[in-house]
Amino acid sequence: MNIKITKYYYGDIPEETTSSPSSKPNTVDLGWPLWEVFIRSKQGLDHKHAGSLHAADAAMAIENARDVYTRRQEGISIWVIESKHIHASNPDDATMFYEPSADKIYRHPTFYDLPDEIKHM
Amino acid sequence: MFLQEAEKTFQEKIDSEIKIEPKDWMPEAFRKTNLRQISQHAHSEIVGMLPEGNWISRAPSLKRKAILIAKVQDEAGHGLYLYSAAETLGMSREQMVADLNSGKAKYSSIFNYPTLTWADMGAVGWLVDGAAILNQVMLCRTSYGPYARAMVRICKEESFHQRQGFEILLILSKGSKAQREMCQDAINRWWWPSLMMFGPKDSESTNSDQSIKWKIKRKTNDELRQQFVDMIAEQIKLLGMTLPDKDLKWNDKTKHYDFGEINWDEFWNVVKGNGPCNKDRLIARNKAHDEGAWVREAAIAFAEKRKSNINTKAA
Ligand SMILES: [Fe+2]
Ligand SMILES: [Fe+2]
């Protein structure tokens, strides 16, 4: 047995250093696009990102989302959107992007010093 | 220079328990380790459907059949959550499936053991899912965001898996002599392979504890294994059965159960691909994939047709 023992944690089996059979070339790519799934867990709440899946079209994406993300009544409404249509902010810009709000403490109600006697405010 | 600086900031984030998200900078080795671990985990869920799927048509009652179908269906869902998490690290689903089917990718060795009797459905749920749950509960706090979120969802679904397994054994343990023997036999066959699920002993590993430092893992193999032994050694008392280990006994000093030596030759042998069912599992996966090809093609054709219908109507 010539497996080289490297750090091997539960669920992380090291690659064999000996020649492993190479994978079939990736020719079977049918290109089912990736969809992001959003679920409303109950009436009155926002749709929340639940995960993603591949599907041929929107109808199939919704059906599959029902099967994988709502098997225990986790939702009453599903949105799906093709992942490629999502635009995201850049994490590298996070400081520049969000910091200006840090010094605007007057946007928070606790900034205002009012007498304790005041009610309903 | 940039790399050193970036690695330092990265480690500081990890140390202050800030999750790493797909678009964040991460060391290449962090990406690789997570990709390998998450995809192996996904493969394990998918291959894990086979030993239990084996008993769906022969479950002893309609109730047990419905439960077993629900459990196997959950495992398919777990596979999907995990493949999605792995995809965020930049490998396509098709590639992962191809790697599994070609035998290049690994999955948990436990699924290379056969399920010979109905009692095995009990032992698998109780011991195999039980062992997996300990690992997965820990992974709910893993440092890569998509992996942690997948684990939270999975853990919510797992507890029924272990409970239904224990219940199967509990009922058998109160049954006829033949049923009690079947129960004990399943425990005997699954106990050691379940202990092997936790991987080699900590002392066998030579690399640095990078996975712990990066908080991909928070407990070592031996810590998780001990936790498992302590849990099962108590639970089995309720079954009135025994674990097949003459060295198993409570240690008053350590406040843990001592247990016997694992057969590491068997362990490495199964990892290497020579377990009782390694070949069958890959044949089954390839067969399913090949026979499903027309379904995948038809779905694309149907989607295109539906799209063109909408377009003509709009025109
Ligand atoms: Fe699972
Ligand atoms: Fe499970």
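Residues numbered from 1 in each chain as written. Chains lettered and ligands numbered in written order. Predicted model: local features only at pLDDT ≥ 70, side-chain atom pairs only at ≥ 80, totals over all residues. Heavy atoms only, no water.

Within chain A, the secondary structure is distributed over two helices and three strands. Going from N to C terminus, chain A has its helices and strands arranged as β-β-α-β-α. Split into buried and exposed, the 121 residues of chain A put 29% on the buried side. For chain A, the proportion of contacts with a sequence separation of at least 24, taken over those separated by at least 6, is 41%. Summed over its atoms, the accessible surface of chain A is roughly 8700 Å², and 56% of this surface lies on carbon and sulfur atoms. (Helix = DSSP H or I, 4+ residues; strand = E, 2+ residues; numbered from the N terminus. Buried < 20%, exposed > 50% of the residue type's maximum accessible area, 1.4 Å probe, protein only. Contact = heavy atoms within 4.5 Å. Areas by Shrake-Rupley, 256 points an atom, 1.4 Å probe, with all protein chains shown as cover.)

A few words now on the sheet that holds strand S3 (residues 77-82) of chain A. Hydrogen bonds between backbone groups are what pair the strands of a sheet, and the pairing can be parallel or antiparallel. Residue and element names in this part refer to chain A. The sheet built from three strands is open, its strands ordered S2-S1-S3 with antiparallel pairing. Looking at the sheet topology across the chains shown, the edges are occupied by strand S2 (47-54) and S3. Across the sheet, the mean angle from the axis of one strand to that of its neighbour is 25°, orientation sign disregarded. As paired elements, strand S1 (residues 34-40) and S3 share six bridges and run antiparallel to each other. The residue of S3 that forms the bridge with Phe-38 is Trp-79. (Pairing = 2+ DSSP bridges. Axes fitted to C-alpha atoms, helices over the stretch in contact; angles between N-to-C directions.)

Each side of the interface is counted separately: chain A has 44 residues, and chain B has 62 residues. At the boundary of chain A with chain B, total buried surface from both sides reaches about 4600 Å², with 54% on carbon and sulfur atoms. Taken together, the links from chain A to chain B amount to six salt bridges. With a closest N to O distance of 2.7 Å, Arg-306 of chain B and Asp-57 of chain A form a salt bridge. (Buried area = accessible area lost by both parts, 1.4 Å probe. Salt bridge = Lys/Arg side-chain N within 4 Å of Asp/Glu carboxyl O.)

This part covers the packing of helix H4 (residues 62-87) of chain B against helix H5 (residues 93-102) of chain B. Residue and element names in this part refer to chain B. Packing of H4 against H5 leaves a shortest axis separation of 10 Å and a crossing angle of 115°. Seen from above, H4 lies across H5 with right-handed handedness. Here H4 contributes Leu-80, Tyr-83, Ser-84, Ala-86 and Glu-87 to the contact with H5, which in turn contributes Arg-93, Met-96 and Leu-100. For the contact of H4 with H5, the per-class residue count stands at five nonpolar, one polar and two charged. (Left-handed = near helix turned anticlockwise from the far one by under 90°. Nonpolar A, V, L, I, M, F, W, Y, C, P; charged D, E, K, R; others polar.)

Moving on to a nonpolar patch on the surface. All names here are of chain A. Judged by side-chain polarity, Ile-105, Tyr-106, Phe-111, Tyr-112, Leu-114, Ile-118 and Met-121 come together as a nonpolar surface patch covering roughly 760 Å² of accessible area. Along the polypeptide, Tyr-106 turns up in the segment after helix H2 (94-98). For Tyr-106, a relative accessible area of 42% puts it in the partly exposed group. (Patch = residues over 30% accessible without salt bridge, like charges linked within 9 Å, V, L, I, M, F, W, Y side chains within 5 Å.)

Next up on the list: the coordination of the iron ion (ligand 2). Residue and element names in this part refer to chain B. Ligation of the iron ion (ligand 2) by protein atoms is provided by Glu-75 (OE), Asp-129 (OD), Glu-158 (OE), Glu-158 (OE) and His-161 (ND1), these donors lying 2.0 to 2.8 Å from the ion. Here the donor residues for the iron ion (ligand 2) map to a single chain with the spacing E-x53-D-x28-E-x2-H. Metal-to-metal, the separation of the iron ion (ligand 2) and the iron ion (ligand 1) is 3.3 Å; Glu-75 coordinates the two. In this pair, Glu-75 sits in helix H4 while Glu-158 sits in helix H7 (residues 145-173), placing the two residues 83 residues apart along the sequence. Residues Glu-75 and Glu-158 agree in their burial class; the two are buried. (Donors = N, O, S within 2.8 Å, 3.2 Å for Na, K, Ca; no water.)

Here we come to the environment of Phe-97 of chain A. Here Phe-97 of chain A lies in helix H2. On a C-alpha basis, the gap between Phe-97 of chain A and Val-80 of chain A in space is 28 Å, while along the polypeptide they are 17 residues apart.

Time to look at the environment of Lys-249 of chain B. Residues and elements named next belong to chain B. Assignment of secondary structure puts Lys-249 in strand S1 (residues 249-251). Separated by 11 residues in the primary sequence, Lys-249 and Gly-260 place their C-alpha atoms 9.5 Å from one another. For Lys-249, the contacting residues outside a window of four places in its chain are His-256, Tyr-257 and Asp-258.

Moving on: the pattern of salt bridges. A pair can form between side chains of opposite charge whenever their charged atoms are brought close. All names here are of chain B. Summed over the entire model, instances satisfying the criterion amount to 29 salt bridges over all chains. Taking the shortest distance from any N to any O, the salt bridge between Glu-261 and Lys-201 comes out at 3.2 Å. With Glu-261 in the loop between strand S2 (256-258) and helix H11 (264-274) and Lys-201 in the loop between helix H8 (177-196) and helix H9 (210-213), the pair connects residues that are 60 residues apart, well separated along the chain. A relative accessible area of 54% means that Glu-261 is categorised as exposed.

The next thing to look at is the pairing of S2 of chain A. Residues in a regular strand point their side chains to alternate faces of the sheet. Counted residue by residue, S2 of chain A has six buried out of eight residues, so it is predominantly covered. From the end of S1 of chain A to the start of S2 of chain A, which pair antiparallel, there are six residues, and Gly-44 of chain A there has a positive phi angle of about 100°.

Distances from the iron ion (ligand 1) to its protein donors, Glu-45 of chain B (OE), Glu-75 of chain B (OE), His-78 of chain B (ND1) and Glu-158 of chain B (OE), fall at 2.1 to 2.4 Å. The coordination sphere of the iron ion (ligand 1) comprises four donor atoms, whose angles at the metal cover 81 to 159°; the geometry is irregular. (Tetrahedral: all angles 85-135°; square planar, octahedral: opposite > 155°, others 65-115°.)

On to helix H1 (residues 2-15) of chain B, then. Residues and elements named next belong to chain B. The terminal C-alpha atoms of H1 lie 20 Å apart, and with 14 residues this matches the ideal 20 Å at 1.5 Å per residue to within 8%. The secondary structure elements touched by the buried residues of H1 are helix H2 (28-47) and H9. At the exit of H1 stands Glu-17, carrying a positive phi of roughly 60°. (Expected span 1.5 Å × (residues − 1).)

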